[in-house]
Amino acid sequence: MSTTKTRDATRPAPAKASKAEPRRGVRGSTLSFWIFTGPFLIGLVIFVYIPIGWSVWLSFFEARYTVTPDKFIGFDNYELMLTNGDFTGSLVTFTVFAAIIVPVTWALSLGLALMVHRLRFMKAFFRSVFFLPTACSFVAASLIWKMSIFSGVRFGMMNTFLGLFGIENVAWLADPNPPWYWLVIVTVRLWLQAGFYMILFLAALQNIPPELYEAAAIDGAKPGWQTFRHITLPQLRATSTAVILLLLVAAYQAFDEFFNLLAKTTWGRPPLVELYYTALGDDQDYGAGSAGAVILTLLICMVTLLQGRFLGFGRSDDSR
């Protein structure tokens, strides 16, 4: 009996059930949500949605030298912009620019991603080196390209290099015939944005299961082009589609390099530069500029939707 009491005395007392912490109410969760997202939403409304709505409203008024017009003119501004040869010509300039920059950037960024992905040493170093130009300002890069590399005088780096082979100085940005300015614009944008899309492709490459390559090797697939074509490229379909869409939208929004490289030339203007001179030029026609901006926005949306539908963006693999 005493032994039983001793055991009972030495036995640890059962732990008391801890009281469950009260759950935070719905009101607290809602308050936290608005604290974190409120400033962003306020900035989005003030700096994005209100200017967009105001631009659409101005496009239906005669707004010269004022942003508070009172004369409603309907779709006259839209008709004016669609019959404006400079604006429609800028859309052609965009088409040429997009046709060059989109596939070249896609190929270069994918090639850099494949090279960095296969490195066995200093992978972080090369990844940082190729990504670093994305932190550079478009304005600063454009001025470097214009004044140091592709300067039209004999002190430019490219002209100095060509002079070693007896080639005369080239007016890279002063003469549209031949259009050497495309080389300047395309190279500066490639240098600035290829590293960013390389990171996207690199992340997609790291998510490809290695078992696919092992199974392909067992089946007799040769490493290199055959493996890339039948395994790597299909696995990058979603990333490639997203990259192409981003490149297409970015090409429509090209402004800094064109404006800083070509200054006030009447040739080689993309849509945003043409709208800049329309709204902030001598006439300061905010109504026509806003109508052109609406046309450009609708065109971007239409091309993006068609491109996404053609490339199968957002569809599952089973439905392709």
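Up top is the structure.
Keep in mind the model is a prediction, meaning the values are calculated, not measured.

Q: Now, about the overall build of the protein chain: what can you tell me, with residues and values included?
A: Looking only at helices and strands, the protein chain features 14 helices and zero strands. Across the protein chain, helices and strands are ordered from the amino to the carboxyl terminus as α-α-α-α-α-α-α-α-α-α-α-α-α-α. Look at the contacts in the protein chain between residues 6 or more apart in sequence, and 66% of them connect residues 24 or more apart. Summing over all exposed atoms, the protein chain offers an accessible surface of approximately 20,500 Å²; the carbon and sulfur share of this is 66%.

Q: If you had to explain the nonpolar core to someone new, which residues and values would you point to?
A: Of all hydrophobic cores here, the largest spans 61 residues; its most connected members are Phe97 and Phe258. Put simply, the parts of the chain that give this core at least two residues each are helix H3 (76-82), helix H4 (85-118), helix H6 (138-149), helix H8 (181-206), helix H11 (237-252), helix H12 (256-262), helix H13 (271-280) and helix H14 (286-311). Here this core gets 15 residues from one element, more than from any other, and that element is H8. Once residues within four sequence positions are removed from consideration, phenylalanine 258 is found in contact with Thr93, Phe97, Trp182, Ile185, Ala263, Gly268, Pro270 and Val273.

Q: I'd like to hear about the side chain of arginine 189, residue by residue, with values.
A: Among the secondary structure elements, arginine 189 is positioned in helix H8. Look at arginine 189 and you get buried, because its relative accessible area is 5%.

Q: Could you give an account of empty space enclosed by the protein, naming the residues involved and the relevant values?
A: Per the counting criterion, the structure on display carries one cavity of 30 Å³ or more. Of the pockets and cavities examined, the largest cavity occupies roughly 30 Å³. Around the largest cavity, the lining residues are Phe258, Phe259, Leu262, Ala263, Thr265, Trp267, Gly268, Arg269, Val273 and Tyr277. Secondary-structure elements contributing two or more residues to the lining of the largest cavity are H12 and H13. Broken down by element, the lining of the largest cavity gets its largest block of residues, three residues, from H12. Of the residues belonging to the lining of the largest cavity, the class tally is seven nonpolar, two polar and one charged.

Q: Provide a residue-level description of the packing of H4 against H13, including the pertinent values.
A: Here H4 crosses H13 at 155 degrees, and the two axes come no closer than 8 Å. As judged from the angle between their axes, H4 and H13 are roughly antiparallel. Two secondary-structure elements touch here, H4 through Asp86, Phe87, Ser90, Leu91 and Phe94 and H13 through Pro271, Glu274 and Leu275. Of the residues belonging to the contact of H4 with H13, the class tally is five nonpolar, one polar and two charged.

Q: Run through the packing of H6 against H8, naming residues and quoting values.
A: The geometry of H6 relative to H8 is characterised by a closest axis approach of 10 Å and an angle of 135 degrees between their N-to-C directions. When the axes of H6 and H8 are compared, the pair comes out oblique. Seen along the crossing, H6 lies across H8 with a hand that is right-handed. For the pair H6 and H8, the contacting residues are Phe138, Ala141, Ser142 and Trp145 in the first and Val184, Thr187, Val188, Arg189, Trp191 and Leu192 in the second. Grouping the constituent residues of the contact of H6 with H8 by class yields seven nonpolar, two polar and one charged.

Parameters at a glance
Chains are numbered independently. Their residues run from 1 in the order of the written sequence. Local features in a predicted model are, by the rule used here, given only for residues with pLDDT of at least 70; side-chain atom pairs are given and counted only at 80 or more, and totals for whole chains, interfaces and linings are based on all residues. Heavy atoms throughout the structure, all of them, feed into the side-chain values; hydrogens and water do not. The way it works is that DSSP assigns letters per residue, a run of H or I at least four long becomes a helix, a run of E at least two long becomes a strand, and they are numbered from the N terminus. By definition, residues are in contact when any of their heavy atoms lie within 4.5 Å. Computed with the Shrake-Rupley method and a 1.4 Å probe, the accessible areas treat only the protein chains shown as cover for residues. As used in this record, nonpolar core signifies buried Ala, Val, Leu, Ile, Met, Phe, Trp, Tyr and Cys residues forming a set joined through side-chain atoms within 4.5 Å. Note on exposure labels: buried denotes an accessible area under 20% of the residue type's maximum, exposed denotes more than 50%, and partly exposed covers the range between, all computed with a 1.4 Å probe on protein chains only. A cavity here means a set of points on a 1 Å grid, drawn over the protein atoms and nothing else, where a 1.4 Å probe fits but cannot get out; a pocket is an open set with protein on both sides within 12 Å along at least five of seven lines, and a residue lines either one if it has an atom within 4 Å of a point. Grid points are joined across faces, edges and corners, and a volume is the space filled by probe spheres set on the points. Under the grouping applied here, Gly and all other residues not named as nonpolar or charged are polar, the nonpolar ones being Ala, Val, Leu, Ile, Met, Phe, Trp, Tyr, Cys and Pro and the charged ones Asp, Glu, Lys and Arg. For helices, the axis comes from a line fit to the C-alpha atoms of the stretch in contact; other axes are also lines fit to C-alpha atoms, and the angle between any two N-to-C directions lies between 0 and 180 degrees. Working definition: roughly parallel below 35 degrees, roughly antiparallel above 145 degrees, roughly perpendicular at 65 to 115 degrees, and oblique for all remaining angles. Left-handed is the label given to a crossing in which the near helix is rotated counterclockwise from the far helix by less than a right angle, and right-handed is the label when the rotation is clockwise.

These values are about where atoms sit, not about what they do.
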